[in-house]
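Coordinate analysis (summary)
Spelled out from the first residue to the last, the chains are:
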Amino acid sequence: MAGNPERRAALVNAGVEVLAREGARGLTFRAVDAAAGVPVGTASNYFTGRDDLLRQIDARLHTRLAPDPHALAELMKRPKDRSLVTALMRDLMARAVRDRTGYLALLEMRLEATRRPQLRSSYTESVRTDLEYGMRFHREAGLPGGDETVVVLYLAMLGLILEHLTLPGVLDGALPDVTVPEGLVERIVETVVPRA
């Protein structure tokens, strides 16, 4: 197994691009090699198989799509109220839009996990870990609402991200005078998060 960490990172990032563009069926070592601009056969030297590549893509996406620590620290200086939750959800939406490819690859991972039991197990664990972190973060930060609030926010934001990134026109004009996605983020928070 080859050990150049920069090359491995480049191959994983190329895998993200292929996954988002071609779907899981198009995610072959040859396609990853081509996307990374490396000789044919390179990816097979870095990954034990397709499942290994998918697991490494999963890990990379969770890092790549995480909030910027400095931006998060600045946000957390604000009062711990509904407006802060709105700002956090706006940040989430902005990250999804900014790295559309990464989020589309995450969606492809979800679909592929329905077909591959081993991937389903590891992917479920990583997504559940993220959800539990979100609940713990919300509690420890003293934000309004509890675990139920976080779970419902998670589901609502996941739906908004899915629609906005895959079929953006679906939500346009669905609620008069509500912008997409910004206004919908505000409506989600207003609906889900208690005032105090």
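Just above, that's the structure.
As a starting point, this report considers the structure included with it. Just so we're clear, the structure is a prediction, and the values are computed from it rather than from any experiment.

The rules behind these values
- Residue numbers here run from 1 along each chain, matching the order of that chain's written sequence.
- A pLDDT threshold of at least 70 governs which residues receive local features in this predicted model, and a stricter bar of 80 or more applies before side-chain atom pairs are shown or counted, although totals over entire chains, interfaces and linings include all residues.
- With hydrogens and water set aside, each side-chain value is computed from the structure's full complement of heavy atoms.
- Strands here mean DSSP runs of E at least two residues long; helices mean DSSP runs of H or I at least four residues long; both are numbered from the N terminus.
- Each residue gets one of three labels from its accessible area relative to the maximum for its type: buried under 20%, exposed over 50%, partly exposed in between, using a 1.4 Å probe on protein chains only.
- Every residue pair with non-hydrogen atoms within 4.5 Å of one another is taken to be in contact.
- For the accessible areas, the method is Shrake-Rupley and the probe is 1.4 Å, while residue cover comes only from the protein chains on display.
- Charge counting treats Lys and Arg as positive and Asp and Glu as negative, with His and both chain ends excluded.
- To locate a charge, the coordinates of NZ of Lys, CZ of Arg, CG of Asp or CD of Glu are taken.
- By the criterion applied in these results, polar contacts are pairs of N or O atoms within 3.5 Å in which, for protein atoms, one can donate a hydrogen and the other can accept it, and in which residues neighboring in sequence qualify only through two side-chain atoms.
- Here the expected span of a helix is defined as 1.5 Å times the quantity of residues minus one.
- When a carboxyl oxygen of Asp or Glu lies within 4 Å of a side-chain nitrogen of Lys or Arg, that pair is called a salt bridge.
- Paired rings are identified among Phe, Tyr and Trp, the last through its six-membered ring, by centres lying within 6.5 Å, and are further divided according to the angle between planes into stacked (under 30 degrees), edge-to-face (over 60) and tilted (the rest).
- In this scheme, the term charge over a ring applies when either NZ of a lysine or CZ of an arginine sits within 6 Å of the ring centre and within 35 degrees of the ring normal.

1. Quick word on the overall build of the chain
Helices and strands together make up the secondary structure of the chain, namely ten helices and zero strands. Helices and strands appear in the chain in the N-to-C order α-α-α-α-α-α-α-α-α-α. Along the three orthogonal principal directions, the C-alpha set of the chain runs to about 55 × 35 × 30 Å. When the 196 residues of the chain are sorted by exposure, 40% land in the buried category. Across the chain, the fraction of contacts at a sequence separation of at least 24, relative to all contacts at a separation of at least 6, is 66%. Surface accessibility of the chain: about 10,600 Å² in total, with carbon and sulfur atoms responsible for 55%. If you average the places of the 26 positive and of the 26 negative side-chain charges in the chain, the two averages end up 3 Å apart.

2. Some thoughts on the side chain of serine 126
Within the fold, serine 126 resides in helix α8 (residues 117-141). A polar side-chain atom of serine 126 sits 3.0 Å from the main-chain carbonyl oxygen of tyrosine 123. When residues no more than four places from it in sequence are discounted, the contact partners of serine 126 are Asp58 and His62.

3. Here we look at α8
In a regular helix each residue adds 1.5 Å, so 25 residues correspond to 36 Å; α8 covers 36 Å between its end C-alpha atoms and thus fits that length. Taken together, the buried positions of α8 are Leu119, Tyr123, Ser126, Val127, Leu131, Met135, His138 and Ala141. Buried residues along α8 sit against α4 (50-64), α6 (82-98), α7 (100-113) and α9 (147-166). Of the residues one or two after α8, glycine 142 is the one with positive phi, at around 75°.

4. A closer look at the pattern of salt bridges
Opposite charge on two side chains lets them pair, provided their charged atoms get close. One pass over the structure, following the stated rule, counts twelve salt bridges. The shortest N-O distance in the salt bridge between arginine 116 and glutamate 112 comes to 3.4 Å. In this structure glutamate 112 comes out as buried when scored by relative accessible area, which is 5%. Put simply, Arg50, Asp51, Glu112, Arg115 and Arg116 are held in one network by salt bridges that share partners.

5. Thoughts on the packing of aromatic side chains
On inspection of all chains with the given rule, the structure shows two aromatic pairs. Measuring from centroid to centroid gives 6.3 Å for phenylalanine 29 and phenylalanine 47, while their planes differ by 35°, and the two rings are tilted. A residue pair is termed long-range when its members are at least 10 positions apart, and phenylalanine 29 in helix α2 (residues 29-36) and phenylalanine 47 in the loop between α3 (42-46) and α4 qualify at 18 residues. Judged by relative accessible area, which is 23%, phenylalanine 29 ranks as partly exposed. According to the relative accessible area criterion, phenylalanine 47 is buried, its value standing at 2%. Between tyrosine 133 and phenylalanine 137, the ring centres sit 6.0 Å apart and the planes meet at 35°, which makes this aromatic pair tilted. Note that tyrosine 133 and phenylalanine 137 are positioned in helix α8 at a spacing of four residues, about one turn of the helix. Judged by its relative accessible area of 43%, tyrosine 133 falls in the partly exposed class. The cationic tip of arginine 8 hangs over the ring face of phenylalanine 47; the distance from NZ or CZ to the ring centre is 5.7 Å.

6. Description of the side chain of aspartate 58
Counting through the fold element by element, aspartate 58 comes out in helix α4. The buried charged residue aspartate 58 lacks any salt bridge partner; its closest oppositely charged side chain belongs to arginine 55, at an N-O distance of 8.3 Å. Setting aside residues no more than four positions away along its own chain, aspartate 58 makes contact with Met109, Ser122, Tyr123 and Ser126.

Taken by themselves, the reported measurements are silent on function.
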